[in-house]
Amino acid sequence: MAELERVLFLCTGNTARSQMAEAFLRHHAGERFEVHSAGLEPGVIRPLTLQVMEESGVSMAGHTSKGVEVYLGKLHFNYLITVCDNAEKNCPAVWPGVNQRLHWSFEDPAAFSGSYDERLNKFRQVRDQIERKVLEWIKEV
């Protein structure tokens, strides 16, 4: 059996966008990719992230927020995909063992302020954008 291509999604906190991207790629093409995510400054996965992913039927069981040091220089990645502008700007310029680096810019739903329903809708909007982008990318590679 051929080795799966490794993908690392990178964000600032690894609490929303990169977690969603990891879960969607694993859900839609986990048989093709070994998928990971990390953050430059890892935090705690946001409850709204878990809620909107559960709504979409994609499990995040076992997901934890991790820092880049878990992977940097330790694993080879076919793809490093930054999913926020801050991570793209502050990610190490040289990442040993990365074949291809991509940047997908998504708005940070956690930075959105408003009522609970407004924030929930923002998380849903970003979730749907991420899923569309993951599905498009799967078709490309």
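Going by the structure above, here's the rest.
Residues numbered from 1 in each chain as written. Predicted model: local features only at pLDDT ≥ 70, side-chain atom pairs only at ≥ 80, totals over all residues. Heavy atoms only, no water.

**Some thoughts on the packing of helix α1 (residues 17–29) against helix α4 (residues 116–140)**
Short version of the rule: Between N-to-C directions, angles cover 0 to 180 degrees, with each direction set by a line fitted to C-alpha atoms, over the stretch in contact for helices. Strands are runs of DSSP state E lasting at least 2 residues, helices are runs of H or I lasting at least 4, and numbering of each runs from the N terminus. Angle categories are assigned with fixed cut-offs, so that under 35 degrees is roughly parallel, over 145 is roughly antiparallel, 65 to 115 is roughly perpendicular, and the rest are oblique. What makes a crossing left-handed is the near helix being turned counterclockwise from the far one by less than a right angle; a clockwise turn instead makes it right-handed. In what follows, a contact means two residues having at least one pair of non-hydrogen atoms within 4.5 Å.
Two elements in contact, α1 and α4, have axes separated by 9 Å at closest approach and are oriented at 45°. Between α1 and α4, the crossing angle belongs to the class labelled oblique. In this structure, α1 crosses over α4, and the sense of that crossing is right-handed. Counted together, R17, M20, A21, F24, L25, H28 and A29 of α1 and F123, V126, R127, I130, E131, V134, L135, W137 and I138 of α4 form the full contact between these two elements.

**Overview of the sheet that holds strand β2 (residues 33–39)**
Backbone hydrogen bonds are what pair the strands of a sheet, in a parallel or an antiparallel way. To keep it simple, the criterion reads: Pairing between two strands requires that DSSP report at least two bridges joining them.
Pairing in this open sheet of four strands is parallel, and the strands run β2-β1-β3-β4 from one edge to the other. Here the strands that pair on one side only, and so sit at the sheet edges, are β2 and β4 (98–103). Neighbour-to-neighbour, the strand axes of the sheet open up by a mean angle of 20°, direction not taken into account. Two strands pair when backbone bridges link them, and strand β1 (residues 5–11) and strand β3 (residues 77–82) are joined in this way by four bridges, in the parallel orientation. Paired with F9 across the strands is I81, a residue of β3. Sheet strands touched by α1: β1 and β2. Its angle to β2, the strand with the most contacts, is close to 175°.

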